[in-house]
Amino acid sequence: MSLRSRSAGFTLVETLIVVAIVGILATLASLAVFHGTTRVRVSNAAFEVGALYTAAQMRATSMGVPHYVVFHDDGIEFGVYLLERADAVGSFNWARENVLDPASVGGVRHEQLRLSHEGGLGFLDMGAPRTELLALPAPFSAITLTPSGSGRLLGGCTFCTEGTGGTRGVIRFSPDGTVRVMTGGTDAGGVIAFAPESSSGQNSPPRWVVIAAPAGAIRVF
């Protein structure tokens, strides 16, 4: 009688083992979902920035008005916006003046992407040791993958500089189809790089958005 009732149920130890196994499987599943979602966010951010480049290039040539893609980081949040700005508006020091002040910048903003406050997403730390993409293929090989500073945005931007209101990186798309990098003092072009923002982020695949100047070739790696 006692043997039959014992074989029909579970002991406390067996129950605890099953609960532990279920907990481990649930943890592994949640980690897989998190890291998978993070990779999707990184890829989405890169392709959205690449699409913004293309939109700026097409609008500039079709409308005959210069367009700018402006990256910005004020220490609280970072993002990028597309700006239509005629030269007649007047000169503007993109490297020093506040690119977040619409009254000072002038022109018309058409699209804005807020890249901060997205769980697990950050700019790639180009200063950290990496084994992949030590040099970019042609026609981007003239662009060196070196960090331009130690800040968050600077870590993933080869043409960004510090100025009033925070860090910024600005690319101009001219009506004749050419591209000019307005910040960072580089003539070859620039790179914006994204990676998972975590302690293990350097082991996860990054995304690179590259633009060559003055031809304006664009590619997402």
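Provided above is the structure to which this section pertains.
Notes on the structure in this doc start here. Only a predicted model underlies this, so the values are computations on that prediction, with no experimental measurement involved. (Residues numbered from 1 in each chain as written. Predicted model: local features only at pLDDT ≥ 70, side-chain atom pairs only at ≥ 80, totals over all residues. Heavy atoms only, no water.)

Some remarks on the sheet that holds strand 4 (residues 121–123)
Piece 1. Strands sit in the order 4-8-9-10 across an open sheet of four strands; the sheet is antiparallel. Single-partner strands in this sheet number two, and they are strand 4 and strand 10 (218–220). Strand after strand, the sheet turns through a mean of 15 degrees between neighbouring axes, direction not considered.
Piece 2. For strand 8 (residues 189–196) and strand 9 (residues 207–212), the ladder comprises six bridges, and the chain directions are antiparallel. Bridged to Ile 192 within strand 9 is Val 209. (Pairing = 2+ DSSP bridges. Helix = DSSP H or I, 4+ residues; strand = E, 2+ residues; numbered from the N terminus. Axes fitted to C-alpha atoms, helices over the stretch in contact; angles between N-to-C directions.)

Examining the pattern of salt bridges
Piece 1. As enumerated under the stated definition, the model contains three salt bridges in all.
Piece 2. One salt bridge connects Arg 114 with Glu 77, and the closest N-O pair in it is separated by 4.0 Å. One end of the pair, Arg 114, is in strand 3 (residues 108–114); the other, Glu 77, is in the loop between strand 1 (67–73) and strand 2 (78–84), and 37 residues separate them in sequence. (Salt bridge = Lys/Arg side-chain N within 4 Å of Asp/Glu carboxyl O.)

Observations regarding the side chain of Asp 73
Piece 1. Among the structural elements, Asp 73 can be located in strand 1.
Piece 2. Assessed through its relative accessible area of 6%, Asp 73 is described here as buried.
Piece 3. Within polar-contact distance, the side chain of Asp 73 engages the backbone nitrogen of Gly 75 at 2.9 Å.
Piece 4. If we skip the residues at most four places from it in the chain, Asp 73 touches Phe 78, Arg 152, Leu 153, Gly 165, Gly 166 and Thr 167. (Buried < 20%, exposed > 50% of the residue type's maximum accessible area, 1.4 Å probe, protein only. Polar contact = N/O pair within 3.5 Å; in protein donor to acceptor, adjacent residues only side chain to side chain. Contact = heavy atoms within 4.5 Å.)

Quick word on the packing of aromatic side chains
Piece 1. Overall, the coordinates contain eight aromatic pairs when judged by the stated rule.
Piece 2. A ring pair is formed by Phe 71 and Phe 159, whose centres lie 6.1 Å apart and whose planes are at 70 degrees; its orientation type is edge-to-face. Taken as a pair, Phe 71 in strand 1 and Phe 159 in the loop between helix 4 (152–155) and strand 5 (161–163) lie far apart in primary sequence, 88 residues in all. The exposure classification of Phe 71 matches that of Phe 159, with both residues buried.
Piece 3. On the numbers, 4.7 Å between centres and 55 degrees between planes, the contact of Phe 78 with Phe 123 is tilted. Taken together, the residues Phe 78 in strand 2 and Phe 123 in strand 4 connect sequence positions 45 residues apart. Of the two residues, Phe 78 and Phe 123, both sit in the buried class. (Phe/Tyr/Trp six-rings, centres within 6.5 Å; stacked < 30°, edge-to-face > 60°.)

Quick word on the side chain of Thr 186
Piece 1. Take Thr 186: it is sitting in the loop between strand 7 (179–181) and strand 8.
Piece 2. Side-chain polar atoms of Thr 186 contact the backbone nitrogen of Ala 188, separated by 3.5 Å.

A short note on the environment of Gly 79
Piece 1. Secondary-structure assignment places Gly 79 in strand 2.
Piece 2. Taking the C-alpha atoms as reference, Gly 79 lies 7.4 Å from Gln 112; in sequence the two are 33 residues apart.
Piece 3. Residues contacting Gly 79, with those up to four places away along its chain left out, are Val 70, Phe 71, His 72, Leu 113, Arg 114 and Leu 115.

What to know about the nonpolar core
Piece 1. In terms of nonpolar packing, the biggest core is built from 31 residues, with Tyr 53, Val 69, Phe 71, Phe 159, Phe 173, Ile 192 and Phe 194 touching the most fellow members.
Piece 2. Of all the elements, helix 2 (residues 12–63) adds the most residues to this core, at nine residues.
Piece 3. Of all hydrophobic cores here, the second largest spans 13 residues; its members include Ile 143, Val 191, Ala 212 and Phe 221. (Core = buried A, V, L, I, M, F, W, Y, C linked by side-chain atoms within 4.5 Å.)

What about the environment of Val 105?
Piece 1. In this structure, Val 105 sits in helix 3 (residues 102–105).
Piece 2. Residue class for Val 105 comes out buried when judged on its relative accessible area of 2%.
Piece 3. For the pair Val 105 and Phe 92, spaced 13 residues apart in sequence, the C-alpha separation works out to 6.9 Å.
Piece 4. With near-sequence residues (within four places) excluded, Val 105 lies in contact with Tyr 81, Leu 83, Arg 85, Val 89, Phe 92, Trp 94, Asn 98 and Val 99.

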